[in-house]
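# Summary of structural features
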Amino acid sequence: MAHTLPVPVGVAGGVSSVRRGILLGLASAVTFASSGSFLKPLLEAGWTPGAAALWRMAGAALVLLPVLVIALRRDPGLLRRHGALILGFAATGVVGCQVLHLSAIERMPVAVALLVQYLAPVLIVAWIWARTRRAPRRSVLAGTAASVCGLILVIDLSGASFDAIGVGLALGAAVSMAVYYQLSEHAGEGIAPLTLVAAGMAAGAVITGLLCLAGLLPYAAPPVSVPLGGMVVPWFVPLGWVAVVATAVAYSLSVLAVLRIGARLAAFVGLAEVLFAVLFAWILLAEAPTLVQAAGGVLIVAGVVLVRAGTPSPDALAMPSAPSP
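A short tour of the structure in this document, coming up. (Residues numbered from 1 in each chain as written. Predicted model: local features only at pLDDT ≥ 70, side-chain atom pairs only at ≥ 80, totals over all residues. Heavy atoms only, no water.)

### A short note on the overall build of the chain
The cut-off we apply is this: Segments assigned H or I by DSSP are reported as helices when at least four residues long, segments assigned E as strands when at least two residues long, and all are numbered from the N terminus. Summary of the burial criterion: residues with accessible area below 20% of their type's maximum are buried, those above 50% are exposed, and those between are partly exposed, where the area comes from a 1.4 Å probe applied to protein chains only.
Along its length, the chain carries twelve helices and two strands. Helices (α) and strands (β) of the chain occur, in sequence order from the N terminus, as α-α-α-α-α-α-α-α-α-β-β-α-α-α. A burial count over the chain gives 53% of its 325 residues as buried.

Written out as structure tokens, the structure reads:
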């Protein structure tokens, strides 16, 4: 799922820069959206969510390792000063989102799990309302109501495919993402966004590896071949795609987009990930949402748009738009 990271930056001006930023944001949404459809065949072939998440993070961390090495050479004390932020990003935006999302798509369609996870901004509204006892703007309340109605349609309570555990896992991923949103608001200016991604992926891989070694996360990664888009490919093809393209490249494109168009516009462009995820699931997995679920998806996306439009957010902070996993 896509993430737009906290970026302390002045947005570059100019129409051409905005156009490039939107194109970069769309490219980021496309690459993020492919992750679930590429990994689900591995899960169906015997891989556990913990194993898939571990090797996705490890592969992305390896690709981004030069970024981290260069940053540490320039600033040897970087990890010490920003350790709390890096661990928070790793635990919520990386481990929590990815493991829970993969666990969810093991039990339910990819697009449905992602739509449930997109309720994260709505959860933040509910938390802030409960904490401050100050009612949000009417547009935010309208967006929240629309998203909740959309969720009811998307999970299809009366349908044969309803899976309460899967919905719970997807909501857990939404909670992880919501916590990461809050962490992002407190990010300082002392760590570059791509450095945070590189360090967070490495830390996430270590955390997930330790959880697997301790037996808290089941681990199985058989060397299987899986069907993907009408072909049969070895396990390392979908895993390599997700690690390099849907994680390392996707995060990098997201950062470049924010540098050009700012956090708010990048977050709206990132909503296209839902549409691309539906398309990937349809082409690669033959998973198509029902008309009722499609209507629910429209309501969720419209609700999130209203929530984001009605919630003040400084452009100096980029809010994630999803840990796809």
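### Quick look at the pattern of salt bridges
Keep this limit in mind: Salt bridge, as used here, is a side-chain nitrogen of Lys or Arg placed within 4 Å of a carboxyl oxygen of Asp or Glu.
Under the criterion given, the structure shown has three salt bridges. The salt bridge involving Lys40 is made with Glu287; its shortest N-O contact spans 2.6 Å. Of this pair, Lys40 sits in helix 1 (residues 15–44) while Glu287 sits in the loop between helix 11 (272–285) and helix 12 (291–310), and the two are 247 residues apart along the sequence. Judged by its relative accessible area of 17%, Glu287 falls in the buried class. Salt-bridge contacts for Asp75 lead to Arg81; the nearest nitrogen and oxygen are separated by 2.3 Å.

### Things to note about a nonpolar patch on the surface
Here is the rule: Patch criteria: residues need more than 30% relative accessible area and no salt bridge. Like-charged residues are merged within 9 Å; nonpolar side chains of Val, Leu, Ile, Met, Phe, Trp and Tyr are merged within 5 Å. The protein chains shown are the only cover counted for residues, whose accessible areas, like all others here, come from Shrake-Rupley with a 1.4 Å probe.
Side chains of Leu62, Leu65 and Val69 sit close together on the surface and give an oily, nonpolar patch of about 260 Å² of accessible area. Relative to the helices and strands, Leu62 is located in helix 2 (residues 49–74).

### Focus on the pairing of strand 2 (residues 231–234)
The line we're drawing: Strand pairing is assigned whenever DSSP identifies at least 2 bridges connecting the two strands.
Both strand 1 (residues 225–228) and strand 2 contribute to a ladder of four bridges, which runs antiparallel. By the bridge assignment for strand 2, Val226 is matched with Val233. If you look at the hairpin formed by strand 1 and strand 2, you'll find two residues sitting between the two strands, and Gly229 has a positive phi there, around 60°.

### Notes on unusual backbone geometry
Even without being glycine, Arg133 reaches a positive phi, approximately 60°. Note that Arg133 resides in the loop between helix 6 (120–132) and helix 7 (138–155). Under the relative-accessibility criterion, Arg133 is labelled exposed at 76%. With a phi angle near 60°, Ala286 is a residue other than glycine that sits in the positive phi range. Position of Ala286 among the secondary structure elements: in the loop between helix 11 and helix 12.

### A look at the packing of helix 5 (residues 110–117) against helix 11
Between two packed helices, the angle of one axis relative to the other and the distance separating the axes together describe the packing. Applicable threshold: A fitted line through C-alpha atoms represents every axis, and for helices the fit uses only the stretch in contact; the resulting angles, taken between N-to-C directions, go from 0 to 180 degrees. When describing relative orientation, an angle under 35 degrees is termed roughly parallel and one over 145 degrees roughly antiparallel, while 65 to 115 degrees is termed roughly perpendicular and anything else oblique. Each helix crossing is assigned a hand: it is left-handed if the near helix lies turned anticlockwise from the far helix by less than a right angle, otherwise right-handed if that turn is clockwise. Throughout, a residue-residue contact means that at least one pair of heavy atoms, one from each residue, lies within 4.5 Å. Charged residues are taken to be Asp, Glu, Lys and Arg, nonpolar residues to be Ala, Val, Leu, Ile, Met, Phe, Trp, Tyr, Cys and Pro, and polar residues to be all remaining types, Gly included.
Running from amino to carboxyl end, helix 5 crosses helix 11 at an angle of 165°, the nearest separation of the two axes being 8 Å. Judged by the angle between their axes, helix 5 and helix 11 are roughly antiparallel. In this structure, helix 5 meets helix 11 at a crossing whose hand is right-handed. Taken together, the residues of helix 11 that come into contact with helix 5 (itself represented by Val110, Ala111, Leu114 and Leu115) are Glu273, Val274, Ala277, Val278, Ala281 and Leu285. Class assignment of the residues belonging to the contact of helix 5 with helix 11 gives a composition of nine nonpolar, no polar and one charged.

### Points about helix 4 (residues 83–105)
The condition is simple: For a helix, the expected span equals 1.5 Å multiplied by the residue count minus one. The bend at a residue is defined as the angle formed between two axes, one fitted to the seven residues ending at that residue and one fitted to the seven starting there.
Its 23 residues give helix 4 an end-to-end C-alpha distance of 31 Å, which sits within 8% of 33 Å, the value for a rise of 1.5 Å per residue. Its maximal kink placed at Val95, helix 4 deviates by approximately 30°. Taken across its 23 residues, helix 4 has 19 buried, putting it largely inside the fold.

### As for the side chain of Lys40
Condition: For the purposes of these results, a polar contact is taken to be a pair of N or O atoms within 3.5 Å, where, inside protein, one atom must be able to donate a hydrogen and its partner to accept one; residues adjacent in sequence count only when each atom of the pair is a side-chain atom.
Residue Lys40 is classed as buried on the basis of its relative accessible area, which comes to 6%. Side-chain polar atoms of Lys40 contact the backbone oxygen of Ile105, separated by 3.3 Å. Residues within four places of Lys40 in sequence aside, it is in contact with Ile105, Met108, Pro109, Val110, Leu285 and Glu287.

### Some details on the side chain of Thr247
On the secondary structure map, Thr247 appears in helix 10 (residues 236–270). The exposure class of Thr247 is buried, given its relative accessible area of 0%. Here Arg56 takes part through its side chain, which lies 2.6 Å from a polar atom of the side chain of Thr247.

### Remarks on the packing of aromatic side chains
The description of an aromatic ring pair uses the distance of the two centres, along with the angle that the planes make with each other. Going by this rule: Here the aromatic set is Phe, Tyr and Trp, taking the six-membered ring for Trp, and pairing holds for ring centres within 6.5 Å; pairs whose planes are under 30 degrees apart are stacked, those over 60 apart are edge-to-face, and all others are tilted.
Summed over all chains, the structure comprises four aromatic pairs. Seen from their ring centres, Trp47 and Trp235 are 5.8 Å apart, and the 35° between their planes marks the pair as tilted. Of this pair, Trp47 sits in the loop between helix 1 and helix 2 while Trp235 sits in the loop between strand 2 and helix 10; the two residues are 188 residues apart in sequence, bridging distant segments of the chain. According to the relative accessible area criterion, Trp235 is partly exposed, its value standing at 31%. The rings of Trp47, Trp235 and Phe236 are connected pair by pair, giving a single aromatic cluster.

### Considering the nonpolar core
Rule in force here: We define a nonpolar core as any set of buried Ala, Val, Leu, Ile, Met, Phe, Trp, Tyr and Cys residues linked to one another through side-chain atoms lying within 4.5 Å.
Leu42, Trp47, Leu102, Met201 and Ile300 are the most contacted members of the largest nonpolar core, which totals 74 residues. Discounting residues that sit within four places of it in the chain, Met201 has contacts with Met57, Ala60, Ala61, Phe89, Val94, Gln98, Thr247 and Tyr251. The next biggest cluster of nonpolar side chains, apart from the first, holds five residues, and it includes Cys97, Ala120, Ile124 and Ala178.

### Quick word on the environment of Gln293
As for its position among the elements, Gln293 is in helix 12. When the C-alpha positions of Gln293 and Leu115 are compared, they lie 9.7 Å apart, and in sequence the two are 178 residues distant.

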